[in-house]
Each structure stands twice: as structure tokens, then as C-alpha cells.
Amino acid sequence: MSTDVSDVSPIAVQEWESWRERRTATVSAPYGPLSLTGTHWLADHPEGRLPDVPGVWRADEDGDEVVLTAVDGDGLTADGRRLGGEIRLTADRGPSEESRIAAGGRRLVVLRREGLWAVRSFDPESAARRAFRGIGTTPYDPDWTLPGRFRPYDTSRTVRVENADGRERGLGLGGEIAFTVDGTEHTLQVAVEPDGSLWAVFADTTSGKESYRFRFLRPAAPAADGTVTVDFNRSLLPPCAFADHFICPFPPPGNTLPIAVLAGERDLMPG
């Protein structure tokens, strides 16, 4: 795939550059993915003491909430107020900077996956955030903005895939997107988000060599007739590329493309 520079739309390039700037700002924000310093599963710490996290954290008897017990010396706050005693928590749904519990400048985010509870620690002073030099990204190429078609499944499927932390978890899939590269059709299985947009976890022949070991693709919601734009220029590094403590799913079977996707985010810039 090759493109004559004169054929590239200045508006498309400008939109892509704006997207890339927003992406860099999001990643490098004080409580963005670079600031994650730990994900601690409560089941791994039955005594309730988490590494480098103040307080005592336990799931309640029914497993429906997390019970946090703190003393004044822990230096914890809940909803901006000093926490002393016990508080019951559910999973944080919003941005990490809006989590209810803080320890000084850190935010402690309550997470639940497949019935298991965890606490994540986001620290703006993390080594990864201080060392960040940018995201290596391939220049915009209109040949990698492809017309596609969404083919929904009759019923949603869940496949078990390995995650970046070495554990296997379910990945929900609602259909597949089909697109053509150099005359050959390819497909990717996708999840359907609550707003109708799509999410694919994919790899290609560059993965682990010229690019990170896998990437994400997030097409907008398909049109009523199933047509969708598959823009690999906006391929994303997964959160685990920025911090080791994320639990990103690996690509499901069939989502490793037999082609080189020379577009989008590639890897972190070297320090």
C-alpha cells in the first residue's frame, strides 16, 4: 500500500494530528495510564493489607462491596474528607482522578472483574510518567482508512483469553468487522460497547517486532446498513504498554492478521 502525498487530504491529516495530540495528553495526564503503579487483588491478600496501600481492604461477606478500614495515621481521605473508621465501597466507574479514596497525591481506585475485587494505585509521580517521551506513531496514511462492514452475531459470545497479568478471563464479542487490504478480505472479531461503538484487540505481522505485541482498534458505531470505517491510523497501544499493572486482554483467536499494519501507534518512544 502506497499513497501519493498530493492525494492526502489536509483536513484528514489535521483531524488525525488533533486526535494524536489529545491521545498524548490523555496518556500523560496526572492520573492517566502512565501513573498506574499497582493493581492489588484482594483475594491475594486475605489479611487485608495491600502492598504500599494504607488501610485494611476486604470484600464483605456477600462479595458485593469492599470494606475499607482506616485510622487517622493512614492519611486516607474519602470524598475529600479525612477517613477514620470504616467505609463501604463499590467499583469506581468514572475517571481515576474522580475515585472516592485518595492517599495524599495518589488515587486509589476500586475495581471488579469477574466477581473479584482489586484496588489500583495511581501516582502522578510514577517513574513511567516521569520517563515518558511520547508515543511512536506512523505518519497518517489514507490507504489505511478502509471501508468495512459490521456483521453482528446472532447472540453475543464470550471467549476465554489470556490477559497481560497472566490470568485468563472472558472477553465478550458481539460480531466481526470485514475489510479489504490489497484485494484480500480480512476480519476482526469485535466487542460492542454500550454506545454502539466497536472495540477490537488485534495483532499483525509487525507485533512484537516493529510494534507493540498487540494493539486496540475502536471504530465508531456502524451505520444502519452495517457499514463502518476501519481506520488503522488510529490503532492504539493498550494500557499495559504504559504500565505493567493493567490486565489487558490478548487478541482472541482469529484476530492476528497475516499482514503488516503499518499505521497507527507503534510503541513508546525510547527514553
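Structure shown above.
The numbers attached to residues start from 1 for each chain and follow its sequence in the written order. Note on the predicted model: pLDDT of at least 70 is required for a residue's local features to be given, and 80 or more for side-chain atom pairs to be given and counted; whole-chain, interface and lining totals, by contrast, use all residues. As a convention, hydrogens and water are excluded, and side-chain values are obtained from all of the structure's heavy atoms.

## Some words on the pairing of strand E12 (residues 168-181)
Looking along a regular strand, one sees side chains alternate from face to face of the sheet.
Piece 1. Summarising burial for E12: ten of the 14 residues are buried, a large majority.
Piece 2. Where strand E11 (residues 145-162) and E12 come together, eleven bridges link them in antiparallel fashion. Paired with Val159 across the strands is Leu171, a residue of E12.
Piece 3. What makes two strands pair is DSSP finding at least two bridges between them. The secondary structure listing takes helices from DSSP runs of H or I that are at least 4 residues long and strands from runs of E that are at least 2 residues long, numbered from the N terminus. Taken together, E11 and the strand that follows it, E12, pair antiparallel across an intervening segment of five residues, in which Gly166 is found at a positive phi of about 90 degrees.
Piece 4. Of the strand pairs in this sheet, E12 and strand E13 (residues 184-192) are connected by seven bridges, and their pairing is antiparallel. Paired with Phe179 across the two strands is His186, which belongs to E13. Three labels apply to residues, based on accessible area from a 1.4 Å probe with only protein chains included: buried if under 20% of the type maximum, exposed if over 50%, partly exposed otherwise in between.

## Points about the nonpolar core
Piece 1. Nonpolar cores are built from buried Ala, Val, Leu, Ile, Met, Phe, Trp, Tyr and Cys residues. Side-chain atoms within 4.5 Å join them into one set. Grouped together as the largest cluster of nonpolar side chains are 31 residues, with contacts concentrated most on Phe214, Phe216, Phe242 and Phe246.
Piece 2. The set of elements that each furnish at least two residues to this core consists of helix H1 (10-27), E11, E12 and strand E14 (198-202).
Piece 3. Considering every element that reaches this core, the biggest residue donor is H1, with four residues.
Piece 4. Residues count as neighbours in contact if any of their non-hydrogen atoms are within 4.5 Å of one another. The contacts of Phe216, once residues within four sequence positions are left out, are Trp199, Ala200, Val201, Phe202, Arg234, Ser235, Leu236, Pro238, Pro239, Cys248 and Pro249.

## A few points about the sheet that holds strand E1 (residues 36-41)
Piece 1. Read from one edge of the open sheet, six strands run E1-E9-E8-E7-E4-E5, paired in antiparallel fashion. Only two strands of the sheet have a single neighbouring strand rather than two, namely E1 and strand E5 (81-82).
Piece 2. In the sheet, strand E8 (residues 106-113) pairs with strand E9 (residues 116-122) via seven bridges, with the strands oriented antiparallel. Paired with Arg107 across the bridge in E9 is Phe122.

## Looking at the layout of surface pockets
Piece 1. Reported here for the largest pocket is a volume of approximately 1,200 Å³.
Piece 2. As defined here, a cavity is a set of points on a 1 Å grid over the protein atoms alone where a 1.4 Å probe fits but cannot get out. A pocket is an open set with protein on both sides within 12 Å along at least five of seven lines, and residues line them when an atom is within 4 Å of a point. Surrounding the largest pocket, 40 residues form its lining, Arg113, Arg120, Arg218, Pro239 and Phe246 being those nearest its centre.
Piece 3. Elements represented by at least two residues in the lining of the largest pocket include exactly H1, E8, E9 and E12.
Piece 4. Classification used: nonpolar for Ala, Val, Leu, Ile, Met, Phe, Trp, Tyr, Cys and Pro, charged for Asp, Glu, Lys and Arg, polar for all others including Gly. The residue makeup of the lining of the largest pocket, split by class, is 23 nonpolar, seven polar and ten charged.
Piece 5. Its boundaries defined by the atoms lining it, the second largest pocket holds a volume of some 290 Å³.
Piece 6. Taken together, 17 residues line the second largest pocket, and the ones lying closest to its centre are Trp19, Arg218, Pro219, Ala220 and Arg234.
Piece 7. Of all the elements in the fold, those that place two or more residues in the lining of the second largest pocket are H1 and strand E16 (227-231).
Piece 8. Of the residues forming the lining of the second largest pocket, the biggest block, five residues, is contributed by E16.
Piece 9. Its residues assigned to classes, the lining of the second largest pocket comprises nine nonpolar, three polar and five charged. Grid points are joined across faces, edges and corners, and a volume is the space filled by probe spheres set on the points.

## With respect to the sheet that holds strand E3 (residues 66-70)
Piece 1. Within the open sheet, the three strands sit side by side as E2-E3-E6. Their pairing is antiparallel. A single partner strand is all that each edge strand has here, and the edge strands are strand E2 (56-59) and strand E6 (85-89). With strand direction ignored, the average angle separating the axes of adjacent strands in the sheet is 20 degrees.
Piece 2. Where E3 and E6 come together, five bridges link them in antiparallel fashion. To obtain an axis, a line is fitted to C-alpha atoms, over the contacting stretch when the element is a helix, and the angle between two such axes runs from 0 to 180 degrees between their N-to-C directions.

## Comments concerning H1
Structural remark: α-helix, 3.6 residues per turn; residues separated by three or four positions point the same way.
Piece 1. Taking 1.5 Å of rise per residue, 18 residues should cover 26 Å, and H1 covers 26 Å from first to last C-alpha, within 8% of that figure.
Piece 2. Looking at H1, one finds that the buried residues are Ala12, Trp16, Trp19, Arg23 and Val27. Looking down the long axis of H1, one finds its buried residues gathered within 65 degrees of arc, a one-sided arrangement. Counted as exposed and oriented over 90 degrees from the buried face of H1: Pro10, Ile11, Gln14 and Glu21.
Piece 3. In this fold, the buried residues of H1 make contact with strand E10 (135-137) and strand E17 (265-268). Expected helix span is computed as 1.5 Å times (number of residues minus one). Arc definition: it is the arc formed by the directions from the helix axis to the C-beta atoms.

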